[in-house]
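These are the residues of each chain, in order.
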There are 2 protein chains.
Amino acid sequence: MTDSSKPDGGIGLVETKLFIFGEKEPLRLASGQTLGPVTLAYETYGVLNKAGTNALLILHALTGDAHAAGYHAQEPKPGWWDVLVGPGRAFDTDKYFIVCSNVIGGCRGSTGPGSINPATGRPYGLSFPVITVADMTEAQRHLMDHLGIGQWLAVIGGSMGGMQALQWAASYPERVRSVIPIATTLKHSPQQIAFDEVGRQAIMSDPAWRGGDYYDHGRPERGLALARMIGHITYMSDQSMEEKFSRRLKTEGYKFTFDAEFEVEGYLHHRGASFVRRFDANSYLYVTRAIDYFDLSGGKLIKAGAPLPRFMVVSFKSDWLYPSYQSREIVATLRTHHADVTYVEVNSTYGHDAFLVEHEEQSRLFRHFLAKTSDGKEGVS
Amino acid sequence: MTDSSKPDGGIGLVETKLFIFGEKEPLRLASGQTLGPVTLAYETYGVLNKAGTNALLILHALTGDAHAAGYHAQEPKPGWWDVLVGPGRAFDTDKYFIVCSNVIGGCRGSTGPGSINPATGRPYGLSFPVITVADMTEAQRHLMDHLGIGQWLAVIGGSMGGMQALQWAASYPERVRSVIPIATTLKHSPQQIAFDEVGRQAIMSDPAWRGGDYYDHGRPERGLALARMIGHITYMSDQSMEEKFSRRLKTEGYKFTFDAEFEVEGYLHHRGASFVRRFDANSYLYVTRAIDYFDLSGGKLIKAGAPLPRFMVVSFKSDWLYPSYQSREIVATLRTHHADVTYVEVNSTYGHDAFLVEHEEQSRLFRHFLAKTSDGKEGVS
């Protein structure tokens, strides 16, 4: 591709922007601690209309980032949901003003444990406060005000992004016209907590982790890679692994070693190794802790008397990490409050990863839901 | 309990015995390497009848041992399947001569990587040859000859024990009258290999592992504990974890730390810590490699023209590590060969652990199957 063209009909070159706030008044966190100043990385695509009624907020999963669509200069791959965001696409940049926001606690441009603590001049490390999903959305609410948006037409996200979407509905129902939580849950189950905990233990068991104070030293790459390998198993399904790898060997015949002889082993090693190049081990601790704490069950999702956003809840049949029954729990809770809710279980074999790869079905669903929600009144002009 | 009584109607005090062979002619392994001398740990309960027709072979899972039933002196807990083995129990010691054999490669009395290599006078470590499930059963066949048993009335095992049971049918169909493979598979799937591989990586990433040469130093306890924690998640079901832990905290309120705050985290830590006291990290590598290599698919289970044992295949509904579809594949393969096969899917919520805890249903099944198989002719006298 050339640098400024739109070779694939997409939005072409984009840049991640940084919003800085909390310099005078720091962000007050669920833990009671404060954080400031705060940098929040985000991208925008399309144009906000005069009435301010065409804004969509896209929220990413555990280790994602603000780069949902288009291309960054010098990078061959587009954003992580590019196929859904662009002119004429489901999240149509000719119609909507689309914001994709990163999360605090992470390491993809926003303030997190790897950021410099202004009080010490050194990286926070484990002195960074433990944050929650509500803290993430609170930071995004500051961004929303900064961008001059009164109400999101829709807040959309998969996995941890879906938790943020639900949190928006819980914290600011009057500022959210509709919500699309995908492959997510009202609360982390003990199994989900358990998988996160073994990932954290993989990191914290790496001597290079040094209690989180490794930024002047070598990073805990083996521990982080192992955490990612564990995660990857849970993102795929038994069936998708069978289809992708079966029992194929990297070279013919058993070698009778403990090297990666099976293709599936090689794949996990590869995914682990790529991950450590783009993600910070401490951030992995913080974002997994945030989702483990996430719990909007027991009446916390809907405030009595508050306006009720419209919902479309989406799950995937082979997703065993965030199984469909958890989405049905969200739906049941919403129906108790007589919310306008559509539920779709997509028949996919891709497991939890389906929300990142099942484009056609999701395009159709999102396009239809947004059209119904916006009543055609949300043009750009 | 007092030392020699049978306080619970069980078999009372027992001892693990050691069978040593391969001093002159070493065991030839699937890899082409040889191993000798070989020690195999086993226990026996009951008495072999004169015709030698009442012998049962019980085979344990990944990290189990030969101590299936009764009590060891000074130990408060009975063997791992005690509730099924004893006078009047499903594996009735008044009727049957029961052998429970350990596996080579392990660390519970049999020759494994922690044993002394006679050639060097030092522990084998990673110079121990990689072994397969077929090598395990080949060692057991030597034990069978040593005990003077011509044919097993039944070979029974869950998980890796089930793989050994299937391997017996494949390697020595004429010496096996019936087989009960429980919660197992004809071949390890890529997902099963993947979970084993992250466990191995947890061990091999621990600097204390030292390439397997740690016996004169501290053991790789953190890595082994982590491997066990990962394993434990796969042994339980989403539902059994919810029932056992839900989102309960160890102490009231979130602490906003990375300590084990949830009960499920504390449980995993506890299980990891207990495991390192009884199991060797290198053995964990060897036994997981053996089951990853296990593959009796594609016509390898039944030899053309060989006698066909009777089968009862048992799976558990909530077992997602060895899902029922894998047991149904065993059944389908057997039916292709017109084998006499009974299949039972037990409706349990305990996940893979069910084969160790669903006693009542299994008692009923095993009792009935053995009665049918033995035709009442297998008395002790």
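Check the entry above for the structure.
Cut-offs applied
Residues numbered from 1 in each chain as written. Chains lettered and ligands numbered in written order. Predicted model: local features only at pLDDT ≥ 70, side-chain atom pairs only at ≥ 80, totals over all residues. Heavy atoms only, no water. Pairing = 2+ DSSP bridges. Helix = DSSP H or I, 4+ residues; strand = E, 2+ residues; numbered from the N terminus. Axes fitted to C-alpha atoms, helices over the stretch in contact; angles between N-to-C directions. Contact = heavy atoms within 4.5 Å. Phe/Tyr/Trp six-rings, centres within 6.5 Å; stacked < 30°, edge-to-face > 60°. Buried < 20%, exposed > 50% of the residue type's maximum accessible area, 1.4 Å probe, protein only. Patch = residues over 30% accessible without salt bridge, like charges linked within 9 Å, V, L, I, M, F, W, Y side chains within 5 Å. Areas by Shrake-Rupley, 256 points an atom, 1.4 Å probe, with all protein chains shown as cover. Salt bridge = Lys/Arg side-chain N within 4 Å of Asp/Glu carboxyl O. Lys, Arg positive; Asp, Glu negative; His and termini not counted. Charge placed at Lys NZ, Arg CZ, Asp CG, Glu CD. Buried area = accessible area lost by both parts, 1.4 Å probe.

A. Here's a closer look at the sheet that holds strand β5 (residues 55-59) of chain B. Residues and elements named next belong to chain B. Spatially, β1-β4-β8-β5-β11-β12-β13-β14 is the arrangement adopted by the eight strands of the open sheet, whose pairing is mixed. Of all the strands in the sheet, the pair left with one neighbour each is β1 (17-21) and β14 (341-346). Between one strand axis and the next, the sheet turns by 20 degrees as a mean value, whatever way the strands run. Here β5 runs beside strand β11 (residues 154-158); their pairing, made up of four bridges, is parallel. Residue pairing across strands places L57 opposite V155, the latter belonging to β11. Of the strands in this sheet, β5, β11, β12 (178-182) and β13 (310-316) touch helix α2 (residues 160-171), which is tilted by about 150 degrees from β11.

B. Representation of the packing of aromatic side chains. Residue and element names in this part refer to chain A. On inspection of all chains with the given rule, the structure shows 44 aromatic pairs over all chains. Relative to F366, the ring of F91 has its centre 5.2 Å away and its plane inclined at 20 degrees; by these criteria the two rings are stacked. Remark: F366 occurs in helix α10 (residues 359-374) and F91 occurs in strand β7 (residues 91-92); sequence separation between them is 275 residues. Accessibility classification places F91 together with F366 in one group, the buried group. Between F275 and Y284 the ring centres are 5.9 Å apart and the planes differ by 80 degrees, which places this aromatic pair in the edge-to-face class. Note on F275: relative accessible area 2%, which makes it buried. Counting every residue linked through ring pairs, the aromatic cluster contains W80, W81, F91 and F366.

C. Fine view of a positive patch on the surface. Together, K77, K244, R271 and R278 of chain B give the surface a local cluster of positive charge. Looking at where K244 of chain B falls in the secondary structure, it is placed in helix α5 (residues 238-244).

D. Layout of the interface of chain B and chain A. The interface is formed by 55 residues belonging to chain B together with 55 residues belonging to chain A. Counting each side, the surface lost to burial between chain B and chain A is near 4,900 Å², with a carbon and sulfur contribution of 67%. Linking chain B with chain A are six salt bridges. With its nearest N and O atoms 3.4 Å apart, the salt bridge here joins R247 of chain B to D295 of chain A. At the level of elements, α3 (190-204), α4 (221-235), α5, α6 (263-278) and α7 (281-293) of chain B are the ones that each hand at least two residues to the side of chain B that touches chain A.

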